[in-house]
Structures are given as structure tokens and as C-alpha cells.
Amino acid sequence: MNDGTRQYQAMEIQAMSPARRVVFLYDFLLSRLRMARQVLETEDISQRTMHFLKAQDAVIELLGALDEEASPELVGRLAALYAYFQGEIVQIGVRPNRDRLDQLISLVATLHQAWVHAAEAADSYAGP
């Protein structure tokens, strides 16, 4: 990917509503976890590690997207959840465990769907 494409994508992400940006980050996190799942049991440790590191990057971005002024209680719960994600990613990266990764993917997928619905509701509330 060239610098122009990266800049365009960065601008596109910045133009998203906060809810859409969270959906985008969950999309990315979920795709990286699924890619890591595909190579989990292979000997390609570097590919697996790369996918887990990119998944961790997504979680860090999700943490950065939290708006503490909106709802401190919700932010605290989400921050704890994201810390759990980070811990699981690290543990599965160190000691590959398909079942544990499947559980994490399932949890992230469920939350992804909740954010999709929230973003759709926010978009329809905001109007055209």
C-alpha cells in the first residue's frame, strides 16, 4: 500500500462518526483474530504473531476512542473489557489455544454486532 492510499484511508476514518469508527475498529479486530485463527496451528509463527499484534493495535485504538465524558461508568466497563481482550490476545499468542481464541472471537463478534446496531441507530437519529 502506498502513502497516498494510507493518507486517503486515514482521512476516511477521521471523517467517520465516532460510532462508525468503533464499528470499523471492531471489523479490523475481528478480521485479525480470524486470520490468526487460520494460522494458529501452523508453523508460521511470524504470521500468527503479526495478526495478534495488529489485533492488539485495534484494541489500543478502541481504548483511545473511549469518551470519558459521555459515561464514566460505561467507559470503565469497556476499558476493563478491552484490557481483557489484550490479556487474552497475549496469552493465546504465547500459548496457542484454539478454544480460547474461538471464545474471544465469539465475544468480539457479539460486541461488533451491538456496535453495528448502535451506529445504525445513531445514523438514523442524526438524519441525512
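Counting restarts for each chain, with residues numbered from 1 along the sequence as it is written. The model is predicted, so local features are restricted to residues of pLDDT at least 70 and side-chain atom pairs to those at 80 or more, both for listing and for counting; the totals for chains, interfaces and linings are taken over all residues. To obtain the side-chain values, all non-hydrogen atoms of the structure were included, while hydrogens and water were left out.

Observations regarding the pattern of salt bridges
Step number 1: Within this document, salt bridges are pairs made up of a side-chain nitrogen of Lys or Arg and a carboxyl oxygen of Asp or Glu, the two lying within 4 Å of each other. One pass over the structure, following the stated rule, counts three salt bridges.
Step number 2: In this structure, Arg37 and Asp102 form a salt bridge, with 2.6 Å as the shortest nitrogen-oxygen distance. Of this pair, Arg37 sits in helix α2 (residues 18-39) while Asp102 is found in helix α5 (residues 98-126), placing the two residues 65 residues apart along the sequence.
Step number 3: For Asp102, a relative accessible area of 32% puts it in the partly exposed group.
Step number 4: A salt bridge links Glu73 to Arg77; the shortest N-O distance between them is 2.8 Å. Separated by four residues within a single helix, Glu73 and Arg77 lie in helix α4 (residues 72-94), roughly one turn from each other.
Step number 5: The buried label goes to any residue with under 20% of its type's maximum accessible area, the exposed label to any with over 50%, and the partly exposed label to all in between, with areas taken from a 1.4 Å probe on protein chains only. Glu73 gets classed as exposed once you look at its relative accessible area, which sits at 54%. Numbered from the N terminus, helices here are DSSP runs of H or I no shorter than four residues, and strands are runs of E no shorter than two.

Concerning the environment of Ser31
Step number 1: Relative to the helices and strands, Ser31 resides in helix α2.
Step number 2: Taking the C-alpha atoms as reference points, Ser31 and Ala109, separated by 78 residues in sequence, lie 9.9 Å from one another.

Concerning the nonpolar core
Step number 1: Here, nonpolar core refers to any group of buried Ala, Val, Leu, Ile, Met, Phe, Trp, Tyr and Cys residues whose side-chain atoms link them within 4.5 Å. Formed by 25 residues in total, the largest nonpolar core has its most connected members in Leu29, Leu33 and Phe85.
Step number 2: Residue contributions to this core peak at seven residues, all from α2.

Some points on the packing of α2 against α4
Step number 1: At a minimum axis separation of 13 Å, α2 and α4 run at an interaxial angle of 20°. Between α2 and α4, the crossing angle belongs to the class labelled roughly parallel. α2 and α4 meet at a crossing whose hand is left-handed. Residues Tyr26, Leu29 and Leu33 of α2 touch α4, and the partners they reach there are Tyr82, Phe85 and Ile89.
Step number 2: Polarity classes work like this: nonpolar for Ala, Val, Leu, Ile, Met, Phe, Trp, Tyr, Cys and Pro, charged for Asp, Glu, Lys and Arg, and polar for all others, with Gly in that last group. Looking at the contact of α2 with α4 residue by residue, the classes come out as six nonpolar, no polar and no charged. Axis definition: a line fit to C-alpha positions, over the contact stretch in the case of helices; interaxial angles, taken between N-to-C directions, run 0 to 180 degrees. Any angle that falls under 35 degrees is termed roughly parallel, while one over 145 is termed roughly antiparallel, one within 65 to 115 roughly perpendicular, and all others oblique. Two helices crossing with the near one rotated counterclockwise from the far one by less than a right angle form a left-handed crossing, whereas a clockwise rotation gives a right-handed crossing. Contacts: residue pairs with any heavy atoms within 4.5 Å of one another.

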